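Descriptive analysis of the structure
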Amino acid sequence: MYFPIYRPRRLRADANIRRMVRETTLSVDDFIAPLFVCPGEGVRREISTMPGNYQLSVDELVKEAEELKGLGVPAIILFGIPEEKDELGTGAYDDHGIIQKAIRALKAEVQDLIVITDVCLCEYTSHGHCGVIVDGRVDNDKTLELLAKEAVSHALAGADMVAPSDMMDGRVGFIRNALNNAGFEQITLMSYAVKYASAFYGPFREAAESPPQFGDRKGYQMDPANAREALREAALDIEEGADIIMVKPALSYLDIIHSLRNEFDHPLAAYNVSGEFAMIKAAAAKGWIDGEQAMLESLLSIKRAGADMILTYFAKEAARIL
Ligand code: PBG
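Residues numbered from 1 in each chain as written. Predicted model: local features only at pLDDT ≥ 70, side-chain atom pairs only at ≥ 80, totals over all residues. Heavy atoms only, no water.

Right, let's get into the site of the ligand. Taken together, 20 residues form the shell around the ligand, and within it Lys-195, Arg-205, Lys-248, Ser-274 and Tyr-313 come nearest. Interatomic distance of 2.8 Å between a side-chain N/O atom of Lys-195 and an oxygen atom of the ligand. Side-chain polar atom of Ser-274 to an oxygen atom of the ligand: 2.7 Å apart, as the coordinates give it. Contact with the protein chains removes 100% of the 400 Å² of surface that the ligand exposes when unbound. For the ligand, the cavity whose grid points lie within 2 Å of the majority of its atoms is the largest cavity. Mapped onto the shell around the ligand, the elements with two or more residues apiece are β9 (188-195) and α6 (202-207). (Near = heavy atom within 4 Å. Polar contact = N/O pair within 3.5 Å; in protein donor to acceptor, adjacent residues only side chain to side chain. Areas by Shrake-Rupley, 256 points an atom, 1.4 Å probe, with all protein chains shown as cover. 1 Å grid on protein atoms, 1.4 Å probe; cavity = no way out; pocket = protein on both sides within 12 Å on 5 of 7 lines; lining within 4 Å. Sits in = over half its atoms within 2 Å of the grid points. Helix = DSSP H or I, 4+ residues; strand = E, 2+ residues; numbered from the N terminus.)

So this is what it looks like as C-alpha cells:
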C-alpha cells in the first residue's frame, strides 16, 4: 500500500478522472434563496453590505422569484419589512401584512416554486427582539401564541413551508399543533433547530431592519461554544414534528452539520448567513480572493459536511454557473 505502490496523484491527473472520483457535488437543487420584501411599488433597493441582494416590493419580488425559478432554484424563503413596527409585532400575523401579500402575489403569478416563510417577530417588533418583552426579557410562552398566529396566517395566505427562527422553547410543537387545528396539516415545517447567537448575522439585520434595540439575543439563541446542546435541540424539534432541521450559521459550524448528519436521518439544511456572504464579497471586491471560486468552495464544504440543502444569498449567482 505504501509509496511507490499507491500514488494518490493518479486520481487527480486530469479533469475527467477528478470528475469520476468526486465525492460531493453541488447542484441548483440544493439552493434556497432568501428574499427581503418591503412596502411600495417598483422598489429594488440594493443592500449595501450584500451586493446583488435587494429589498424588493411585492411586484419586484415576483420578478425576482420568476428569475430564480427560471434558473432552476426550487425554493425561496421570505423575510418581511413591515410598514410599521410595534411592541407585539402585530405586522407578523396581520392577514394583510407584507409577507401575506407577498405570498398571495407569488402564488398567483409564479407556478412551481416552493414558498417558505421565516416565522419570527424580530422584523416586526419595535424593540427588535424575537418575542414578547415582559420585565425586560423575552417571555417564551407568550411568544409561542404569536408565532403560532403568524405561522397560521402564512399558511392561510398560501405558504408551502414555514420556518420558525425565533429559538423559543417548544415552538415547533406549538406551531405544528396550531397548523393542524387550522386544517393545515400538509404544511411543511423546517425548523431553525440549531441557531447560534452569531456575529455573522450583521448584514441581515441591516437588510431586514431588525437589530435588537437593547441587549442581545444570547438569552434565546445558542452559545457558539456548545456542540452537544445542538443534538438536544435537534432531537426536540424532531420529536415536536419538524420535517427538516437546520443549522445556522454554516461555515463556522461545519462540525455541527456533520454531527447532526450522523445522528439524525431527517433532511438537513444549513444557512449560509449574511456575514458569510458579505465576507467573500468584500474580499473579492478588494481583489484579495477569487470570489467565484471562494463561493463554490464554501458551498461545497457545506454539502460535504452533510447538508442536503443550503439557504444562501449566492443562490442566483451559483445557479448561473452550475
Ligand atoms: C430572524 C432571522 C435572522 C436571520 C434569519 N432569521 C436574524 C437574527 O436572528 O438576528 C439571519 C440570517 C442571516 O444573517 O443571513 N430571527
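By the definition in use, this model includes zero disulfides. You can see Cys-120 has no disulfide; the closest cysteine sulfur is in Cys-130, sitting 3.6 Å from it. Unpaired in terms of disulfides, Cys-122 finds its nearest cysteine sulfur in Cys-120, a separation of 3.9 Å. Taking the relative accessible area as the measure of exposure, Cys-122 reaches 6% and is therefore buried. (Disulfide = S-S within 2.5 Å. Buried < 20%, exposed > 50% of the residue type's maximum accessible area, 1.4 Å probe, protein only.)

Glancing now at the layout of surface pockets. Looking at the largest pocket, its volume works out to about 310 Å³. Forming the walls of the largest pocket are 20 residues, and the residues nearest its centre are Arg-137, Val-138, Met-168, Gly-219 and Tyr-220. Elements supplying a minimum of two residues to the lining of the largest pocket: β7 (137-139) and α7 (228-239). No other element matches the three residues that β7 contributes to the lining of the largest pocket. In the lining of the largest pocket, the residues fall into seven nonpolar, six polar and seven charged. (Points joined across faces, edges and corners; volume = space filled by probe spheres on them. Nonpolar A, V, L, I, M, F, W, Y, C, P; charged D, E, K, R; others polar.)

We now examine helix α4 (residues 140-157). In an α-helix, one turn spans 3.6 residues, which is why side chains three or four residues apart end up on the same side. Taking 1.5 Å of rise per residue, 18 residues should cover 26 Å, and α4 covers 26 Å from first to last C-alpha, within 8% of that figure. Judged by how many residues are buried, α4 sits mostly within the fold: 13 of 18 residues are covered. Phi for Gly-158, located one or two positions after α4, is positive at around 120°. (Expected span 1.5 Å × (residues − 1).)

All right, on to unusual backbone geometry then. The general pattern is negative phi for most residues beyond glycine and trans for most peptide bonds. For the bond from Phe-3 to Pro-4, the omega torsion is 5°, close enough to zero to count as cis. Backbone torsion omega between Lys-248 and Pro-249 reads -10°, so that peptide bond is classified as cis. Note on placement: Pro-249 falls in the loop between β10 (244-248) and α8 (254-263). The residue Asp-112 is not glycine, and still its phi comes out positive at about 55°. For Asp-112, the position within the fold is in the loop between α3 (98-109) and β5 (114-119). The phi dihedral of Met-167 falls on the positive side, at around 70°, and the residue is not glycine. Positionally, Met-167 belongs in the loop between β8 (161-164) and α5 (171-181). Met-167 sits in the buried class, given a relative accessible area of 3%.

What follows covers the pairing of strand β1 (residues 31-37). Along any regular strand, the residues point their side chains to alternate faces of the sheet. Most of β1 is tucked away: seven of the seven residues are buried. Every second residue of β1 is oriented toward a common face, with Phe-31, Ala-33, Leu-35 and Val-37 on one face and Ile-32, Pro-34 and Phe-36 on the other, all of them buried. Looking at chain direction, β1 and strand β12 (residues 309-312) are connected through two bridges and run parallel. Pairing of Ile-32 across the sheet is with Leu-311, part of β12. (Pairing = 2+ DSSP bridges.)

Looking now at the nonpolar core. Counting residues in each nonpolar core, the largest one holds 112 residues, and the members touching the most others are Phe-36, Ile-76, Leu-78, Met-190, Val-194 and Leu-260. Discounting residues that sit within four places of it in the chain, Phe-36 has contacts with Ile-47, Met-50, Tyr-54, Gln-55, Leu-56, Phe-79, Ile-81, Phe-204, Ala-207, Ala-208 and Tyr-313. (Core = buried A, V, L, I, M, F, W, Y, C linked by side-chain atoms within 4.5 Å. Contact = heavy atoms within 4.5 Å.)

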